[in-house]
Amino acid sequence: MVQLNSGTQLKFPVVFDKEKREVYLTGEAFFEVQKDEKRPFYVIADGIKIRVYGTSFNVNTHDKERVQTVLVEGSIGLSAEKGGPEYRMKPSQLGEYRRTDASVNVKTVDIEPYVSWKDGFFVFENQTMEQIMNTLSLWYDVNIFYTNEQLKNLHFTGHVKRYDQIDNILKAIKSAVGVTFTIKDRTICISK
């Protein structure tokens, strides 16, 4: 089973190969995959190859600098698509593939901020304004304009309902960070 987030494409064959099951992802998706040792399951996502050993996990390729994979349960192996060692991940670990140097880093994290989208929430844990607004622009299909580039570096922590009106989310950010949002057509202008 696969849940796709907004702005996501998943490519897969009409019928899987007899030796492997392989899909291609651009965007963000949550996977629940049954183990099948005779036909391993692979997710190819913007430079990384994830081998699935029967598990549930989230993959996000929206960030310009990295691809993030969070393991909820089970086991997966993460490697660069062009080759290299496979990093086996355990539950509650984040595997981060850096696009600039094709490196892979695995660390233990709180998985909630990475998978809460599938349950109808945005969870922002000390994220920059730019990261938050990139997420909101994908979900609400809006453009973002900053009157000052320094505004991109402001940080915010908060939990908000994903299906709320964007105005409610912007009010929460405004009260915490002290910025002003002006909405015209499909563009949000952010100023101090």
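Residues numbered from 1 in each chain as written. Predicted model: local features only at pLDDT ≥ 70, side-chain atom pairs only at ≥ 80, totals over all residues. Heavy atoms only, no water.

### With respect to unusual backbone geometry
Stage number 1. For Ala 102, which is not glycine, the phi dihedral falls at a positive 60°.
Stage number 2. Turning to its location among the elements, Ala 102 is positioned in the loop between β9 (93–98) and β10 (103–108).
Stage number 3. If you check the backbone angles, Asp 185 has positive phi at about 55° while not being a glycine.
Stage number 4. Using a relative accessible area of 69% as the deciding quantity, one classes Asp 185 as exposed. (Helix = DSSP H or I, 4+ residues; strand = E, 2+ residues; numbered from the N terminus. Buried < 20%, exposed > 50% of the residue type's maximum accessible area, 1.4 Å probe, protein only.)

### Focus on the pattern of salt bridges
Stage number 1. Across all of its chains, the model carries 12 salt bridges by this definition.
Stage number 2. The salt bridge involving Lys 35 is made with Glu 37; its shortest N-O contact spans 3.5 Å. This pair shows no difference in class: Lys 35 is exposed, exactly as Glu 37 is.
Stage number 3. Several salt bridges share partner residues, and in doing so they unite Asp 63, Glu 65, Arg 66, Glu 96 and Arg 98 into one network. (Salt bridge = Lys/Arg side-chain N within 4 Å of Asp/Glu carboxyl O.)

### Describing the side chain of Glu 22
Stage number 1. Relative to the elements of secondary structure, Glu 22 occurs in strand β3 (residues 21–26).
Stage number 2. For Glu 22, a relative accessible area of 16% puts it in the buried group.
Stage number 3. For Glu 22, the residues in contact, after removing those within four places along its chain, are Phe 12, Pro 13, Phe 16, Tyr 42, Ile 44 and Lys 49. (Contact = heavy atoms within 4.5 Å.)

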